[in-house]
Structure formats: structure tokens, C-alpha cells
Amino acid sequence: MSETILPGTAAPWRATVLTLYPEMFPGPLGHSLSGDALGRGTWSLEPRQIREHGLGRHRNVDDTPAGGGAGMVLRCDVLGAAIDAAAPADDPRPRLLMSPRGRPLTQDRVRALAEGPGAIIVCGRFEGVDERVIEARALEEVSIGDYVLSGGEIAAVVLIDACVRLLPGVMGKHASGVEESFEGGLLEYPHYTRPREWEGRTIPDVLMGGNHAAIVRWRAEQSRALTRARRPDLLKRDEP
Ligand code: SAH
């Protein structure tokens, strides 16, 4: 008899987060879709305190930047030890470092991560982390946008949330996100719900007419127009 994997018995998607603020987790991830899925065991979350690998009586984790300058830098020896303790060398999960210098996170990358076994996510603080640990532990730098946060924790929450909602069963009857913004390379069309009229504004007639083909066409046109107006760069990415 061949082995069958029953729905819900697949190995959970595993997130390990290295941080100086483990109490920030699960935070928003403990609520709504991601929180319910966490409770059901669809995914697991292991926040780990980097300071446990800190040096001396004060468990120091940072030091002044070589060459001078403002702020402090996370030490490579401390972070290296924290990474090694969290994930053995044969752990198949990608090792990510949240970083404004990283490749900007996209829905394609999110989908690929969600299809994998999970992620080991390092959250920076202060001015950043010693470059040598990025190289030695082959950390993939990931940015959530062109702005600077005070730490990697919120960025890690963003990345995990985006992945978890794509895991099987998490979004329920919502068609697994296939029609959403970015999935077809376009932004999503506008939504409406009751009441039919509000402050003199009505729902577009086509959506109330019951002509499914016309609705599909209208939504596609709206998607294209919105994308052209707001994110022409996405249309360019579509071109060969
Ligand atoms: N001096 C650094 C910024 C450090 S901000 C620089 O100019 O590149 C402190 C930490 O916040 C970073 O180490 C990183 O982990 C996190 N962070 C800040 N902005 C981020 C962003 N846009 N995406 C992902 N992580 C970010």
C-alpha cells in the first residue's frame, strides 16, 4: 500500500527568529489567519535570544564600528554562535538576514519560501551586523522596502506573515491568493460590498449585472489601468 499524506499532517513550516527582542513574537502573528494556523500546527515559531550567546557578565552583543562612525555593530562571533546553536549546518532552511541592503522582498520570493521547509531569520539592530558573519554563514539579505526600520523584527513579522498566509489551508475558501495583487504581475481590481449605495456612491453596474464574462473583463481592465497609473514598473517587468 502506498503511503498517503493526510491534509494537516504535513510537517509544519518552521520559522526560527534570532533576535534581541524575542518577546516581540508572535506579536501580530499570533492573531487572525496566522495565529489560527499557528494554533493548528500548520507552522511553528521559535524566537531565540541572541544575547544568550553574548560575552561576559553583561552578555555583550555589540561593539563600536571599526574605522569609526556612529552607532554599534552586532558582533560576528556572538551572532555566529547564535546561528550555529539555532540551526545545524545540515538544516535545509534558507538563512535570511533582514536588511535594508537586501534584495527587495517580492511575492515570487514569498511563494518560493512558503513552498520550502521554513526559514531561519536573523534580525539586525543598531547600525547592522559585522559583514564577516553574513559571508561565513551565507546569509541572504532581504529588504522589505526602501526605508530604514530600527530593527529587523518588524521586517521578519512582515516576511513570515506573507509566507504563512500561503500555506495550505491557511486562507480557507479564499482561492489561495491566485487573484491577488502581484500574483498576475498586476495590482488587484477594486472591491465592493453592501450597501449598494453609500453617500451617493454606487457599486459599478457591471458587478451587479450577473454577467460573469463581463465581470472578468471589467476586473482585468481595472487591474491594468490601476497598475499603469500606480506601478508602471510592474508592467515593464512583464515585457520580454
Ligand atoms: N545602518 C544600516 C541600517 C540599520 S537599521 C544601513 O544603513 O543599512 C537596523 C536593522 O533593522 C538592520 O540591521 C535590519 O535588520 C533592520 N532593517 C532596517 N530596515 C530594514 C528594511 N527596509 N528591511 C529589512 N530589515 C530592515
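Everything here concerns the structure above.
The notes below deal with the structure included here. Sequence positions are assigned chain by chain, starting from 1 and proceeding in written order. The predicted origin of the model limits local features to residues at a pLDDT of at least 70 and limits the giving and counting of side-chain atom pairs to 80 or more, whereas totals for whole chains, interfaces and linings rest on all residues. Only hydrogens and water are set aside when side-chain values are computed; all heavy atoms of the structure are taken into account.

So, the environment of Ala70
Going along the chain from the N terminus, every DSSP run of H or I of four or more residues is numbered as a helix, and every run of E of two or more is numbered as a strand. Here Ala70 shows up in the loop between β3 (62-63) and β4 (73-74). A sequence separation of 56 residues divides Ala70 from Phe126, and the C-alpha atoms of the two residues are 9.6 Å apart. Pairs of residues are marked as contacts when any of their non-hydrogen atoms sit within 4.5 Å. Look past the residues within four positions of Ala70 in its chain and what remains in contact with it is Pro65 and Glu127.

Concerning the pattern of salt bridges
Here, a salt bridge means any side-chain nitrogen of Lys or Arg that lies within 4 Å of a carboxyl oxygen of Asp or Glu. Per the counting criterion, the structure on display carries 12 salt bridges. With a closest N to O distance of 2.8 Å, Arg165 and Glu180 form a salt bridge. With Arg165 in the loop between α5 (153-164) and β8 (197-198) and Glu180 in the loop between α5 and β8, this pair connects stretches of sequence that are 15 residues apart. Working definition: with a 1.4 Å probe on protein chains only, accessible area under 20% of the residue-type maximum means buried, over 50% means exposed, and in between means partly exposed. We classify Arg165 as partly exposed; its relative accessible area is 23%.

Section: the site of the ligand
We call a residue near a molecule or strand whenever a single non-hydrogen atom of that residue lies within 4 Å of it. Taken together, 20 residues surround the ligand, and among them Met98, Gly124, Glu127, Tyr147 and Leu149 come closest. Polar contact criterion, stated in full: a pair of N or O atoms within 3.5 Å, where within protein one must be able to donate a hydrogen and the other to accept it, and residues adjacent in sequence count only if both atoms are side-chain atoms. A distance of 3.2 Å separates a nitrogen atom of the ligand from a polar backbone atom of Ser99. Interatomic distance of 2.9 Å between a backbone N/O atom of Gly124 and an oxygen atom of the ligand. In isolation the ligand has 560 Å² of accessible area, and contact with the protein removes 84% of it. Among the elements that take part in the shell around the ligand, strand β5 (residues 95-104) stands out by supplying four residues, more than any other. The nonpolar class holds Ala, Val, Leu, Ile, Met, Phe, Trp, Tyr, Cys and Pro. Asp, Glu, Lys and Arg form the charged class, and all remaining residues, Gly among them, are polar. The residue inventory of the shell around the ligand, partitioned by class, reads nine nonpolar, eight polar and three charged. Reported accessibility uses the Shrake-Rupley method at a 1.4 Å probe radius. Residues are deemed covered only where the shown protein chains occlude them.

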